[in-house]
Amino acid sequence: AKKFEKISEYLVEIFDAGNPETSLGSVITAEDLITKGIANIEQLREEDEIKVALSAILAEVSLKIGNLKTAQRLIDDTNLSDRGTELSTDYVRMMRVASQIQRVQGEYDSAIYLLKKSLEFNRLTGDKLKEAEDLMALSEILQRQSKFKEGISAADSALNIFEAL
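As the structure is a computational prediction, the values presented were derived from the model and not from experiment.

Peer 1: So, the overall build of the protein: which residues are in play, and what are the values?
Peer 2: Of regular secondary structure, the protein possesses nine helices and zero strands. Residue burial in the protein is summarised as follows: out of 165 residues, 39% are buried. Of all intrachain contacts in the protein linking residues separated by at least 6 positions in sequence, the fraction that spans at least 24 positions is 55%. A total of about 9,800 Å² of accessible surface is found on the protein, and carbon and sulfur atoms cover 52% of it.

Peer 1: Lay out the pattern of salt bridges in plain terms, naming residues and giving numbers.
Peer 2: Per the counting criterion, the structure on display carries eight salt bridges. One salt bridge connects aspartate 77 with arginine 73, and the closest N-O pair in it is separated by 3.9 Å. Taken as a pair, aspartate 77 and arginine 73 lie in helix H5 (residues 68-78) at a separation of four residues, close to a single helical turn. The shortest N-O distance in the salt bridge between glutamate 140 and arginine 144 comes to 2.7 Å. With glutamate 140 and arginine 144 both in helix H8 (residues 128-144) and four residues apart, this pair spans about one turn of that helix. According to the relative accessible area criterion, glutamate 140 is partly exposed, its value standing at 33%. Of the residues examined, arginine 144 reaches a relative accessible area of 43% and is grouped as partly exposed. Salt bridges sharing partners connect three or more residues here, namely Arg96, Glu133 and Asp134.

Thresholds, definitions, all that
Residues numbered from 1 in each chain as written. Predicted model: local features only at pLDDT ≥ 70, side-chain atom pairs only at ≥ 80, totals over all residues. Heavy atoms only, no water. Helix = DSSP H or I, 4+ residues; strand = E, 2+ residues; numbered from the N terminus. Buried < 20%, exposed > 50% of the residue type's maximum accessible area, 1.4 Å probe, protein only. Contact = heavy atoms within 4.5 Å. Areas by Shrake-Rupley, 256 points an atom, 1.4 Å probe, with all protein chains shown as cover. Salt bridge = Lys/Arg side-chain N within 4 Å of Asp/Glu carboxyl O.

What follows is the structure in structure tokens.
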């Protein structure tokens, strides 16, 4: 609960940039908010868990608005490769964003590796929805690689999970 409160406070602070009392007449873009958020993360003296959670949110938003460079920078700053087996929901969220970036850039082997790590974590934690989403993403990559049989198998597994939800 404390982590959620800190993240909520942080996000509200970022969006305060659009407050009409302090920025009247200014046009605030999503990119402006992300830039402010990154600057605030760099100044945080909070525990690593909060920084990772906030970085994962900002990386996902950056990806969704098409700013791969910023999303990749946030991922790089998180040092995913240094985590070993110490994974959390936020690190896995970051892995999923990294996988999407790799997929867009045609780095399919890297994308598959990250998706499989995410899939493994989601199976361990019992997050069936994320497991199915990972399987669908994996299916898409496999089909792009002309591995149709494996892609269809992953899609079938995802469909079975979706139907059971």
